[in-house]
Amino acid sequence: MTKSWWWLMAAAVAGCGPSASRRAESVPAEPLPDGADTLVVGWAQIPEAAWLGGQRWVLVGADHDVVAVADFGAKTVQPLGGAKNPEIGKPYGVFTIGDTAFVADWGKSRLSIWTGAGQLVGSVPAPAGTRGILPKGRDAAGQYYFEIPPIAGPDGSGLRDSSLLIRSNSTLTEFDTIAGLAPFDVAEITEQRGKRFERMIFSGNDWWGVRPDGMLWIARVRRNEVSHFVGGKEKRGERLPDPVLDVTRADREQYVNTFPEELRPMAEKLPFAPFKANFERGFGTPEGLIWLRKSKAAVDSVRRYQVVDTEGRLRRVFTAVGAGVIVAASAESALWAEQFRGGVRLMELRLPAPPAAAVP
């Protein structure tokens with residue numbers, strides 16, 4: 001076990017022990033309701049998504065080089081800018097501010113800016129100051145935010161270094177480092193052709209985002225908490241409650257089976273972490289709430305989502321049954337995406353009203 005994994009194990013155990021907030025542990029779990037309407041896209045992967053206002057969600061289908069708007073009010077899924085849009089190359093990410101969508105496109109080497117009506121209104125070229133990496137967020141002042149990964153050496157050893165969060169001005173002429181992320185947990189693999197470093201499966205990583213007012217948040221996977229940056233200083237949130245989940249044979253088999261049959265022998269040789277990360281994904285809502293998609297055992301049909309406020313305090317816990325996952329949320333709804341043989345099934349889930357009694 002690597003040294004960093006001892007750190008993660010200690011944090012995971014602490015997350016369900018005395019150092020976890022008693023207030024957070026008392027937040028009741030609420031089941032998410034089923035969606036009334038279903039939309040289907042013929043994509044091979046779960047999309048990246050963001051709320052676009054009302055009952056509209058912007059989706060990135062990276063495997064089909066398409067960006068689309070799912071409108072549950074109109075019950076339609078329309079490609080952004082029309083079918084076979086020449087302004088879309090190889091999209092892979094999206095975020096929104098109000099009803100404006102920002103699409104990261106490595107094929108065009110730019111961040112393209114779209115209205116909710118599907119009109120291209122601008123673009124941000126990949127800046128040389130970030131090694132050509134595109135921004136993942138923007139605030140109301142026009143400042144852009146980037147995640148800059150470490151430079152891996154020929155053997156991949158650079159993966160042990162931290163990624164940096166960089167902020168630029170609106171003209172992409174000035175850059176400053178504002179925070180660092182936890183380095184990946186990696187393992188050294190020895191094979192006939194030599195040694196290399198590989199990231200450990202199920203080990204997890206930090207997630208982050210920025211609110212329109214410029215407040216940065218980071219979901220710290222090792223500390224199992226959400227930090228916010230105020231005045232350039234990190235303000236730690238409360239420790240979140242979680243069980244420690246071992247990576248079992250069923251988990252390994254489930255992961256390997258996601259590969260085509262001819263690639264499974266290779267996948268079986270990848271290094272697996274001894275424990276699962278506390279959460280698999282983190283994303284924010286326009287109102288500033290942070291959703292954490294919690295890890296679960298392969299044999300468990302129920303998944304939990306923790307919702308954390310701008311003070312880093314756990315406010316709600318939702319549970320959902322099934323193979324799908326929540327990929328984006330607003331204050332009143334969440335977007336559910338479920339893979340099936342014919343593509344991806346989408347449902348808009350209306351969130352239940354908050355419990356009448358506040359958690360003490």
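Heads up: the structure comes first, above all this text.
To keep things clear, this report deals only with the structure shown in the data block. Source: prediction; values computed, not measured.

## Concerning the pairing of strand β24 (residues 314-321)
1) Next: Here β24 lies mainly inside the structure; six of its eight residues are buried.
2) Next: When strand β23 (residues 302-308) meets β24, the two strands line up antiparallel, connected through seven bridges. Bridge pairing in β24 links Gln306 to Val317.
3) Next: Counted between consecutive antiparallel strands, the loop separating β23 from β24 contains five residues, among which Gly312 sits at a positive phi close to 80 degrees.

## A closer look at the sheet that holds strand β12 (residues 144-148)
1) Next: Here four strands make up an open sheet; going across it, the order is β11-β12-β13-β14 and the pairing antiparallel. Looking at strand neighbours, the two that pair on one side only are β11 (137-138) and β14 (175-180), the edges of this open sheet.
2) Next: Pairing between strand β13 (residues 164-168) and β14: five bridges, direction antiparallel. Of the residues in β14, the one forming a bridge with Leu165 is Ala179.

## A few points about the environment of Glu332
1) Next: Tracing the chain through its elements places Glu332 in the loop between β25 (325-329) and β26 (333-340).
2) Next: Relative accessible area serves as the criterion here: at 53%, Glu332 is assigned to the exposed category.
3) Next: Between the C-alpha atom of Glu332 and that of Leu349, which follows or precedes it by 17 residues, the distance is 8.6 Å.
4) Next: Beyond its immediate sequence surroundings of up to four residues, Glu332 is in contact with Leu349, Arg350 and Leu351.

## A few points about the pattern of salt bridges
1) Next: Per the stated rule, a full pass over the model turns up 25 salt bridges.
2) Next: Residues Arg303 and Glu280 are paired through a salt bridge, measuring 3.1 Å at the closest nitrogen-oxygen approach. On the criterion of sequence distance, the pair formed by Arg303 in strand β23 and Glu280 in strand β21 (residues 279-284) is long-range, its members being 23 residues apart.
3) Next: Arg350 is the partner of Glu332 in a salt bridge, and the nearest nitrogen-oxygen pair spans 3.4 Å. Here Arg350 lies in strand β27 (residues 343-350) and Glu332 lies in the loop between β25 and β26, a separation of 18 residues in the sequence.
4) Next: Via salt bridges that share partners, Asp206, Arg220, Arg223, Glu225, Glu234, Arg236 and Arg239 belong to a single interconnected network.

## A word on the packing of aromatic side chains
Within a pair of aromatic rings, the relevant descriptors are the distance that separates the centres and the angle that separates the planes.
1) Next: Scanning the entire structure with this criterion turns up nine aromatic pairs.
2) Next: Aromatic side chains Tyr255 and Phe259 sit 5.4 Å apart centroid to centroid with 70 degrees between the ring planes, which places their arrangement in the edge-to-face category.
3) Next: The rings of Phe202, Tyr255, Phe259 and Phe272 are connected pair by pair, giving a single aromatic cluster.
4) Next: Over the ring of Phe184 we find Arg199; its NZ or CZ atom is 4.0 Å from the centre of that ring.
5) Next: Positioned over the ring face of Phe340 is Arg345, at 4.3 Å from the centre of the ring.

## What to know about the nonpolar core
1) Next: With 31 residues, the main nonpolar core has Leu59, Trp291, Ile326, Leu335 and Leu346 as its most contacted residues.
2) Next: Counting residues per element, the ones that place at least two in this core are β2 (38-41), β4 (56-61), β5 (66-71), β23, β24, β25, β26 and β27.
3) Next: The element contributing the most residues to this core is β25, with five residues.
4) Next: When sequence neighbours within four positions are dropped, the list of residues in contact with Ile326 reads Leu32, Phe283, Trp291, Arg293, Tyr305, Ala334, Leu335, Trp336 and Leu349.
5) Next: Counting 14 residues, the second-largest nonpolar core is a separate cluster that includes Trp217, Val221, Leu240 and Leu314.

Criteria and cut-off values
The residue numbers shown here count from 1 along each chain, following its written sequence. The predicted nature of this model means local features are confined to residues of pLDDT at least 70 and side-chain atom pairs, given and counted, to a pLDDT of 80 or more, with totals for whole chains, interfaces and linings taken over all residues. Note that the side-chain values use all heavy atoms of the structure and ignore hydrogens as well as water. To sort residues, take the accessible area from a 1.4 Å probe on protein chains only and compare it with the maximum for the residue type: under 20% means buried, over 50% means exposed, and anything in between is partly exposed. The helix count covers DSSP runs of H or I at least four residues long, the strand count covers runs of E at least two residues long, and both are numbered beginning at the N terminus. In this scheme, strands are said to pair when DSSP sees at least two bridges between them. Any pair of residues with heavy atoms lying within 4.5 Å of one another is described as a contacting pair. Salt bridges are identified by distance alone: a Lys or Arg side-chain nitrogen within 4 Å of an Asp or Glu carboxyl oxygen. Note on ring pairs: Phe, Tyr and Trp rings are taken, using the six-membered ring of Trp, and paired if centres are within 6.5 Å. Classes follow the plane angle, with under 30 degrees stacked, over 60 edge-to-face and the rest tilted. Placement of a charge over a ring requires the Lys NZ or Arg CZ to be within 6 Å of the ring centre, with the centre-to-atom vector within 35 degrees of the ring normal. The set of buried Ala, Val, Leu, Ile, Met, Phe, Trp, Tyr and Cys residues whose side-chain atoms join them within 4.5 Å is what this entry labels a nonpolar core.

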